[in-house]
Amino acid sequence: QVQLVESGGGLVQPGGSLRLSCAASGTIFSIKAMGWYRQAPGQERELVASLSSDDTTTYADSVKDRFTVSRTSAKNTVYLQMNSLKPEDTAVYYCNANLAITTSLRRNYWGQGTQVTVSS
């Protein structure tokens, strides 16, 4: 019953901004971490940014100082604010959540992905 719903992708010019969102819903005991990965053509999926339940953040070196990951107070929705976008940021962006379904069961879930294209 757990689902991750992504939104916010699109086409922007270099230097522009986009804000991605991902909402987790369903039978969830607790949220351990949520974050964003991306995959460009011919490339492996890579971590972009993550946010743990204790608010620890992790960023890829390529996006530090440009991207910001955040969450709602309910911790069920994660955002990725992307500023100063570059053509090399073009990729499909995937939301990821590490969830505790019960006190003893943890699972990773993935959103369906949203396309971000940065081009002049």
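As shown above, the structure is provided for reference.
What you see is a predicted model; the values in this text were computed from it and never measured. In this numbering scheme, every chain counts its residues from 1 along its sequence in written order. For a predicted model such as this one, the threshold for reporting local features is a pLDDT of at least 70, and the threshold for listing and counting side-chain atom pairs is 80 or more; totals across whole chains, interfaces and linings nevertheless cover every residue. To obtain the side-chain values, all non-hydrogen atoms of the structure were included, while hydrogens and water were left out.

(A) Just the packing of aromatic side chains, in detail. Here is the rule: rings of Phe, Tyr and Trp (six-membered ring for Trp) pair when centre to centre is within 6.5 Å. Planes less than 30 degrees apart are stacked, more than 60 are edge-to-face, and the remainder are tilted. Tallying each qualifying case throughout the model produces one aromatic pair. Relative to Trp-110, the ring of Tyr-37 lies with its centre 5.0 Å away and its plane at 65 degrees, an arrangement referred to as edge-to-face. In this pair, Tyr-37 is assigned in strand E4 (residues 30-39) and Trp-110 in strand E10 (residues 106-110), connecting sequence segments 73 residues apart. By the criterion adopted, a ring carries a charge over it if an Arg CZ or a Lys NZ lies within 6 Å of its centre and within 35 degrees of its normal. The side chain of Arg-19 reaches across the aromatic face of Tyr-79, ending 4.0 Å from its centre. Segments assigned H or I by DSSP are reported as helices when at least four residues long, segments assigned E as strands when at least two residues long, and all are numbered from the N terminus.

(B) Fine view of the nonpolar core. Counting residues in each nonpolar core, the largest one holds 30 residues, and the members touching the most others are Met-34, Trp-36, Leu-80, Met-82 and Tyr-93. Those elements that place two or more of their residues in this core are strand E3 (18-25), E4, strand E5 (46-52), strand E7 (67-71), strand E8 (77-82), strand E9 (91-100) and strand E11 (114-118). Per-element accounting of this core gives the leading share, five residues, to E9. The definition of a nonpolar core used throughout is a set of buried Ala, Val, Leu, Ile, Met, Phe, Trp, Tyr and Cys residues joined through side-chain atoms within 4.5 Å. Burial here depends on accessible area, computed with a 1.4 Å probe over protein chains only, as a share of the maximum for the residue type. Under 20% is buried, over 50% is exposed, and the range in between is partly exposed.

(C) Looking closely at the pattern of salt bridges. Each salt bridge in this description consists of a side-chain nitrogen of Lys or Arg and a carboxyl oxygen of Asp or Glu lying within 4 Å of one another. Tallied over the full model, the rule gives five salt bridges. Across the pair Asp-89 and Arg-38 runs a salt bridge, and its minimum N-O distance is 3.0 Å. You can see Asp-89 sitting in the loop between E8 and E9 and its partner Arg-38 sitting in strand E4, a full 51 residues away along the chain. Under the relative-accessibility criterion, Arg-38 is labelled buried at 7%. Several salt bridges share partner residues, and in doing so they unite Arg-38, Glu-46, Arg-66 and Asp-89 into one network.

(D) Focus on the environment of Ser-17. Mapped onto the elements, Ser-17 comes out in the loop between strand E2 (10-12) and E3. A relative accessible area of 39% means that Ser-17 is categorised as partly exposed. Through-space distance from the C-alpha of Ser-17 to that of Asn-83 is 4.4 Å; in sequence the pair is 66 residues apart. It only takes one pair of heavy atoms within 4.5 Å for two residues to be counted as in contact. Excluding anything up to four places from it in sequence, Ser-17 contacts Val-12, Gln-81, Met-82, Asn-83, Ser-84 and Leu-85. Any pair of nitrogen or oxygen atoms within 3.5 Å is treated as a polar contact; in protein, a donor-acceptor pairing is required on top of that, and neighbouring residues in sequence qualify only through side-chain atoms on both sides. Within the structure, the side chain of Ser-17 is placed 2.9 Å from the side chain of Asn-83, a separation counted as a polar contact.

(E) Just the state of the cysteines, in detail. Cysteine sulfurs are considered disulfide-paired once they come within 2.5 Å of each other. For the coordinates displayed, the defined rule picks out one disulfide. Across the disulfide from Cys-22 sits Cys-95; the S-S distance is 1.9 Å. Across the S-S bond linking Cys-22 and Cys-95, the dihedral sits near -80 degrees, which makes this disulfide left-handed. Of this pair, Cys-22 sits in strand E3 while Cys-95 sits in strand E9, and the two are 73 residues apart along the sequence.

(F) Spotlight on the sheet that holds strand E1 (residues 3-7). Spatial ordering of the open sheet is given by E1-E3-E8-E7, a layout of four strands whose pairing is antiparallel. At either end of the open sheet lies a strand with only one pairing partner, and these are E1 and E7. Looking at each pair of strands side by side, their axes are set apart by 15 degrees on average, direction ignored. In this description, strands pair whenever DSSP reports at least two bridges between them. The pairing of E3 with E8 spans six bridges and is classified as antiparallel. Bridge pairing links Leu-20 to Leu-80 in E8. A fitted line through C-alpha atoms serves as each axis, taken over the contacting stretch for helices, and the angle formed by two N-to-C directions is quoted from 0 to 180°.

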